[in-house]
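Okay, here's what each chain looks like letter by letter:
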Amino acid sequence: MPDGGEPVKIKVLNDIREVSPDEWDACAGPDNPFVSHGFLRILEQSGSVSDRTGWLPQHLAIEDEDGRLIGAVPCYLKSHSYGEYVFDWGWADAFERAGGQYYPKLQISVPFTPVSGPRLMVRPGAATEQTRLMLAAGLMELAKTHGVSSFHVTFCTEDEWRALGEAGLLQRMGQQFHWHNRGYDTFEDFLAGLSSRKRKSIRKERREANEGMEIRALTGDALEEHHMEAFYGFYLNTVDKKWSNAYLTRAFFRLLGTELSDRVVMIAAFQDGRMVGGALNLLGSDTLYGRNWGAERRFRMLYFEACFYRAIDYAIANGLARVEAGAQGPHKIQRGYLPSPTYSVHWIREPRFREAVANFVSRESVLLRHEMHELAETGPYRRTDNDGR
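Residues numbered from 1 in each chain as written. Predicted model: local features only at pLDDT ≥ 70, side-chain atom pairs only at ≥ 80, totals over all residues. Heavy atoms only, no water.

Examining the packing of helix H7 (residues 196-210) against helix H10 (residues 302-317)
Think of two packed helices as two axes; the pair is described by the angle between the axes and how far apart they sit. Close contact between H7 and H10 brings their axes to 9 Å; oriented N to C, the two are set at 115 degrees. Relative to H10, the element H7 lies roughly perpendicular. In terms of crossing hand, the pair formed by H7 and H10 is left-handed. Residues Ile202, Glu205, Arg206, Ala209 and Asn210 of H7 form the contact with H10, whose participating residues are Leu302, Phe304, Glu305, Tyr309, Arg310 and Asp313. (Axes fitted to C-alpha atoms, helices over the stretch in contact; angles between N-to-C directions. Helix = DSSP H or I, 4+ residues; strand = E, 2+ residues; numbered from the N terminus. Parallel < 35°, antiparallel > 145°, perpendicular 65-115°, else oblique. Left-handed = near helix turned anticlockwise from the far one by under 90°. Contact = heavy atoms within 4.5 Å.)

This is the structure in structure tokens:
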């Protein structure tokens, strides 16, 4: 119960539209666009997220006695591990080889989105710790109701990671590569903090990428339907090259461009007036989040320019604190993006399997911390600026 002992009601939502946008967003907060009601609704409304795609919405919502939402969790019943970016394929294989059934499982995350943000979301003014504990207890009850093997809270905040670890869940770490703004006025100010060799390399890459190209940032009213339609084609082209799955539908990009255009920043590349490539970003309160990249064909250095350097340009021009460039990619280090930890927590039903996973994540964490340190030490910043912050 929250402070004062008021009774609460925990509900499971099969559709994000079962709760009002204002109520959900009061818990999600304004900082991260991916946990907003609008973004999650677009995923569901577009058919990208559904029972058919293996992502059945099972969002948790806690209401106080007046029916006001005080806590919420974006949650999905999963029949696979695609589109998560915190990989548990090895766990699933080991569990099923031992005679267990790993799927279905519960996934607490934003589908297809390797972006850290709040997962056990609490309305300001509510008792944060108490409400989080109720949400965690609600997840355990939901897991028992569905008879799942496990639930996984991925890309959560460090604060949530620590709190849920203290509550007994298994803690796991990962890494991404982020760029931090040290109060730069221009891109040249950023370059001044790099080693001479890295400065020359980046300038050369930018010259090559911009030759014969017009590249500009599109957002708000400047972002038109034909831009998103073109980008959907680039997205499919990238998926085909990676032998991957096209998780996101055409309708997703259309709805994103029309309903969240003020949060979309498309770095679009044009040749002879025609859009030939682009990088899709979403804008938070102090962060630019890189999400998808695509082009109609390979253009020399355009990927680095659109995804990394233009993102830095945009962040500097708009006074943003950082750029999060998405999953994977040690190649980002040489372009000014340094390793940053990501966090997840995991509840495993079966005790012996839980012990085996706990041993694994403990060993993995030691290796990861060592790797992050080594990568930071070999970064592009001059020794006095090596933390990049």
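Let us keep going from here.
What to know about the environment of Glu18
The topology assignment puts Glu18 in the loop between strand S1 (9-13) and helix H1 (21-28). Glu18 sits in the partly exposed class, given a relative accessible area of 44%. On a C-alpha basis, the gap between Glu18 and Phe177 in space is 36 Å, while along the polypeptide they are 159 residues apart. Once residues within four sequence positions are removed from consideration, Glu18 is found in contact with Val12 and Leu13. At 3.3 Å, the side chain of Glu18 and the backbone nitrogen of Asn14 are in polar contact. (Buried < 20%, exposed > 50% of the residue type's maximum accessible area, 1.4 Å probe, protein only. Polar contact = N/O pair within 3.5 Å; in protein donor to acceptor, adjacent residues only side chain to side chain.)

Description of the pairing of strand S6 (residues 105-108)
Burial along S6 is two-sided: Lys105 and Gln107 and Leu106 and Ile108, pointing in opposite directions, are all buried. Taken together, the 4 bridges between strand S5 (residues 75-78) and S6 define a ladder with antiparallel strand orientation. Within the sheet, the bridge partner assigned to Tyr76 lies in S6 and is Gln107. Inspection of the sheet shows S6 paired to strand S8 (residues 150-156) by 3 bridges, in the parallel sense. Its bridge partner being in S8, Ile108 is matched across the sheet by Val153. (Pairing = 2+ DSSP bridges.)

Everything listed here is a matter of geometry and, on its own, says nothing about what the molecule does.
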